[in-house]
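Spelled out, the chains give:
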Amino acid sequence: MAEQQQFYLLLANLMSPDNNVRKHSEETYDTIPGQNKITFLLQAIRDASAAEEVKQMAAVLLRRLLSSSFEEIYPGLAETMQMAIKTELLSSIQQETSPNIRKKVCDIAAELSRNLIDDDGNNQWQELLKFLFDSVNSDNVSLREAALHIFWNFPGIFGNQQEHYMEVIKRMLVQCMQDQANPQIRMLAARAAASFVLANESNSALLKHFSDLLPGVLQAVHDSCYQGDDSVLKSLVEIADTAPKYLRPHLEATLQLSLKLCADTNLTNMQRQLALEVIVTLSETAAAMLRKHTAIVAQAVPQMLTMMVDLEEDDEWAMADELEDDDFDSNAVAGESALDRIACGLGGKIILPMIKQHIMQMLQNPDWKYRHAGLMALSAIGEGCHQQMEAILQEIVSFVLLFCTDQHPRVRYAACNAIGQMATDFAPTFQKKFHEKVISTLLETMKDQSNPRVQAHAAAALINFTEDCPKSLLIPYLDSLVRHLRDIMVVKLQELIHKGTKLVLEQVVTSIASVADTAEEKFVPYYDLFMPSLKDIVENAVQKELRLLRGKTIECISLIGLAVGKEKFMPDASAVMQLLLKTQTDFSDLEDDDPQISYMISAWARMCKILGKEFQQYLPVVMGPLMKTASIKPEVALLDTQDMENISEDDGWEFVNLGDQQSFGIKTAGLEEKATACQMLVCYAKELKEGFVEYTEQVVKLMVPLLKFYFHDGVRVAAAESMPLLLECARVRGPEYLTQMWHFMCDALIKSIGTEPDSDVLSEIMHSFAKCIELMGDGCLSNEHFEELGGILKGKLEEHFKNQELRQDKRRDEDYDEQVEETLQDEDENDVYILTKVSDILHAVFRSYKEKVLPWFEQLLQLIVQLICPDRPWADRQWGLCIFDDVVEHCSPSSFKYASYFLGQMLQSLGDLRPEVRQAAAYGVGVMAQCGGDNYSQYCTEAIPLLVSVIQAPDSRSKENINATENCVSAVGKVMRFRPACVDVSKILPHWLGWLPLKEDKEEAVHTFDFLCDLIESNNPIVLGPDNSNLPKIFLIIADGVANESIKSEDACSKRLANVIHQVQMSAGLWTQCVAALNETQQKAIQDLLNTA
């Protein structure tokens, strides 16, 4: 008994407001063995004399214990003990008088039941199922409530008997939803029905069978909202998010209800926003289904606009020097976010006509709040209505610019916001069309000294404008821009000294950086106007409230340095480095969320780009903080629905719902900084190469595990990018060190190709893996690696075909429309991009291993053959042919044993309608001639007339066809060069000369010039012509090739071509004749060739 009393004391201390007491109690609690914990906690819950909060704490702890440590504790308990726990829990539910405690015990029962479903789906707690059936039919309301609560918490409770009990479950829910006497039973039954639907979201037959429960759920949503409870409404939002198709039979009613609740100002803001969330979520998860109900969407749009007008008067607003974070609970922010999302979800074709008139009316309203909301709405819909707004951009921009002189500062602010947003959404069209008006208006608005908040936002809009502005457009305004920015900076520096205000200065500093970044070397004349003041800021702005200003100034200095180049920056480089180093040494005092950290880290990387190898000396100082930031471990937690109620997203936590009443939480502070730091490590490895070798070991040990860092895509991308770069850095240490490093990363790279969920990240990982194989070469993969890689690539190809089938199914869906088609096209492009990466990996493997790898390749052969079937989409055929091109190029003569699989298709593809397919086929013919061996001779002969007809087609040189045509020209050249017996050279060669030079495909151009050198050096009579009469024509070909950069000085053929020219120079008459045929550019090209070769 004494022990139990001590335990009660411990429970009370676990709730203590005193941190030390609580921490000490937690440590004591953790030392108690699991079995004893269960005994003590159960006793506490069952003890009628214990205080309610002690019982509540015991219930929460017991549920958590079963949730997190079930496997470690429960199976080891004696069977009698297990039985006793089950019995005690059921007794407690039946006898507990406090509704709150009873609910908590139901949660424990649900948690235990969740863990007692075995691998075959048998629920090992049959008594609980019997209890559910008995309680649901009981006259005792508390028991009915308990049964529903357990079912809501764990809708999978019936395990493999669910099908058998389906009608019973349905009847139970219907009956409870019709309980007129007990509203709480109706609400709970509706939530339980929603929970059951969500647990079975992929079972379309079940959803259909339960669709007649939806009217009851909607009724409960309505009733509960007017009783101050939004839990059923939240369930409806979850259905819209996870199982939207369930709503289809009653979609009209669902939307009408959402609209009614959203419009009712008697409800709380939160309830109205949740009701709107149902519609907005459907626009994202079931856009095509919602597009059939545009009348309701048209009524929802004004509701969002009305919410956006819900702003408070604030006399201090224009002078505020600290920007508060948006109040995400406010109607204005919720309305704006909803508008942005619904425009992206449903598309501009539907949304713009609905909203345009409303916005125009709002902009003419005498009340500033309406004008503000109208401009913010324009900002919000730009991304979603991109295409439709682009067509009327002239009208929109002219109108918005007028509001930069509105009498109300918050309207001027909103106008700047709209300009900044459009500058990003419609770049670079926006910059090209409106540069004159926009720059002058923003500079004028930035003079608004009495409203710093407006000034700062005008500067922010200017940043957006210049970031995406083509350099040539910005240069004419450079003088004016610099003058204005300089004037404002001088005033604001004085204000900083005398008043301590800094908001505008922060933005102006970034504006200067953005202008310099775009202007590049053209910024050199203005460098000295800014650099001394910027260095002063970094040196003197050391107070905590100036951290952001200091960080932005550090960024500005490094961007200006990068823009003007090493020569101009060098005199200041040392002083700047010292300033940065000083901040660096104070780094240990910086708090983890200090904004200076990420600015510092990026500035170091820019300094590295400016200084090149000279930066190496600073690495010992830089790498410590950089590695520390790159190693940040985020705070994470696995929480269930009950725990979630105590934590809000405002505390910097973000949550992902894992289903089954569980959520995964992550504290996002530091994540962006970590990603930046990882990206900078990539930058150092790329810039410094062997100069970075000292750090390769610690960096690779950091990066390899980060391939699995699923909290941030950017971190995984940086980890993948770093791998081949680190191998290059490590080369100087010799093959043994290099191989060790490769072994450390290889396994993880292959595994992450198999497990990476995001297609953008996956493509980066595959690209890096292919580069690593090319770097490491033959022998870098073990048999195990090959086996795993083969399985993964096979999976990727099978997934590619399966995704295409799924897209075809969606095209047959009743909701299919042109916007769905756009989405499907995007998905298709993603898939094809992954296919190109499969091709990259195979290319690297074939190139490194040659024909030894063919037996391994055979497991993929049928899938690659499937890609080139005539009925496949053109991108499949293109990449399938590219893979067979690699087989021929790197694995011949053995490749011929697969000829029957691809040769017919390759020759037929020379006449394909798609130039990309023709190009892949033509390249294949070229490598057959060059690398394939005698077996391919007959096919080379067959290919020549097909190639010639492509080259001679009327539009063969058009922009879309030129690459395919040039590959055909190169292939004809390779057949003549490597398989002369297959073709009548004397007949084809004069034509071939007339097709030169190649201007687009630089790689193939080198092959053609190599062959041309062979022909000239062997005095080929057809090429030189009688009495060398063709030489002027050859000069013309060479000159065009050089002028077009098809021949580079490092190419071996450039020396050979220069020799040809030298020889012609010996004969003065011939030289004059040849040069006379050239224009000025061509003559210069010939001279360049002679000078560099």
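Right above here is the structure, for reference.
Residues numbered from 1 in each chain as written. Predicted model: local features only at pLDDT ≥ 70, side-chain atom pairs only at ≥ 80, totals over all residues. Heavy atoms only, no water.

Engineer: It is not clear to me how the overall build of the protein chain should be interpreted in this structure. Could you clarify?
Structural biologist: Scanning the protein chain for helices and strands turns up 54 helices and 3 strands. Overall, the protein chain is about 120 × 75 × 60 Å in size when its C-alpha atoms are taken along their principal axes. Looking at the 1093 residues of the protein chain, the share that counts as buried comes to 56%. If you take every contact in the protein chain between residues at least 6 apart in sequence, the share linking residues at least 24 apart comes to 72%. Surface summary for the protein chain: the accessible area is close to 47,700 Å², and the carbon and sulfur share equals 50%. Once the 98 positive and 158 negative side-chain charges of the protein chain are each reduced to a mean point, those two points are 3 Å apart. (Helix = DSSP H or I, 4+ residues; strand = E, 2+ residues; numbered from the N terminus. Buried < 20%, exposed > 50% of the residue type's maximum accessible area, 1.4 Å probe, protein only. Contact = heavy atoms within 4.5 Å. Areas by Shrake-Rupley, 256 points an atom, 1.4 Å probe, with all protein chains shown as cover. Lys, Arg positive; Asp, Glu negative; His and termini not counted. Charge placed at Lys NZ, Arg CZ, Asp CG, Glu CD.)

Engineer: Teacher, can you tell me more about the state of the cysteines here?
Structural biologist: Each disulfide consists of a covalent bond between the sulfur atoms of two cysteine residues. According to the stated counting rule, one finds 0 disulfides in the structure shown. With no disulfide of its own, Cys 225 lies closest to Cys 262 among cysteine sulfurs, the gap being 11 Å. For the unlinked cysteine Cys 869, the closest cysteine sulfur is that of Cys 882, found at 16 Å. (Disulfide = S-S within 2.5 Å.)

Engineer: Mind showing me how you'd approach helix α53 (residues 1068-1076) here?
Structural biologist: The α-helix winds at 3.6 residues per turn, so residues separated by three or four positions along the chain end up facing the same way. Within α53, the full set of buried residues consists of Leu 1070, Cys 1074 and Val 1075. Taken end-on, α53 shows its buried residues confined to a sector of 125°, consistent with a single buried face. Away from the buried face of α53 by more than 90 degrees, exposed residues Ala 1068, Gly 1069, Thr 1072 and Ala 1076 are located. Contacts from the buried residues of α53 go to α51 (1031-1043), α52 (1052-1066) and α54 (1080-1092). (Arc of directions from axis to C-beta.)

Engineer: Could you clarify how one ought to interpret the side chain of Glu 555 in this entry?
Structural biologist: Positionally, Glu 555 belongs in helix α30 (residues 547-564). This buried residue, Glu 555, is left without a salt bridge; Arg 606 holds the nearest opposite charge, at 4.1 Å. Ignoring sequence-local partners within four residues, the contact set of Glu 555 consists of Thr 510, Tyr 599 and Arg 606. (Salt bridge = Lys/Arg side-chain N within 4 Å of Asp/Glu carboxyl O.)

Engineer: Explanation requested: a positive patch on the surface in the structure shown.
Structural biologist: A contiguous patch of positive charge, built from Lys 609, Lys 613, Lys 686, Lys 689 and Lys 771, is present on the exposed surface. The topology assignment puts Lys 771 in helix α39 (residues 759-776). (Patch = residues over 30% accessible without salt bridge, like charges linked within 9 Å, V, L, I, M, F, W, Y side chains within 5 Å.)

Engineer: Which parts of the structure should I look at to understand the environment of Asp 118?
Structural biologist: Within the secondary structure, Asp 118 sits in the loop between α6 (99-115) and α7 (126-136). C-alpha of Asp 118 to C-alpha of Asn 160: the two residues are 42 residues apart in sequence and 9.9 Å apart in space. A distance of 2.8 Å separates the side chain of Asp 118 from the backbone nitrogen of Asn 122, its partner in a polar contact. A distance of 2.8 Å separates a polar atom in the side chain of Asp 118 from a polar atom in the side chain of Gln 124. (Polar contact = N/O pair within 3.5 Å; in protein donor to acceptor, adjacent residues only side chain to side chain.)

Engineer: Help me understand the nonpolar core in this model?
Structural biologist: What tends to happen in soluble globular proteins is that the nonpolar side chains get buried as a cluster. Counting residues in hydrophobic clusters, the biggest one holds 396 residues, and the most contacted among them are Phe 615, Tyr 684 and Phe 692. Once you skip the residues sitting within four places of it in the chain, Tyr 684 turns out to touch Ile 601, Trp 604, Ala 605, Cys 608, Phe 615, Leu 619, Val 622, Met 623, Leu 626, Lys 689 and Phe 692. (Core = buried A, V, L, I, M, F, W, Y, C linked by side-chain atoms within 4.5 Å.)

Engineer: Just to check I follow, could you spell out helix α15 (residues 269-285) for this structure?
Structural biologist: The end-to-end C-alpha separation of α15 is 24 Å, in line with the 24 Å expected for 17 residues at 1.5 Å each. Along its length, α15 shows its largest kink, about 25°, at Glu 277. The element α15 is largely enclosed, with a buried count of 12 among its 17 residues. What α15 keeps buried is the set Gln 271, Arg 272, Gln 273, Leu 274, Ala 275, Leu 276, Val 278, Ile 279, Val 280, Thr 281, Leu 282 and Ser 283. (Expected span 1.5 Å × (residues − 1). Bend = angle between axes of the 7 residues up to and from the residue.)

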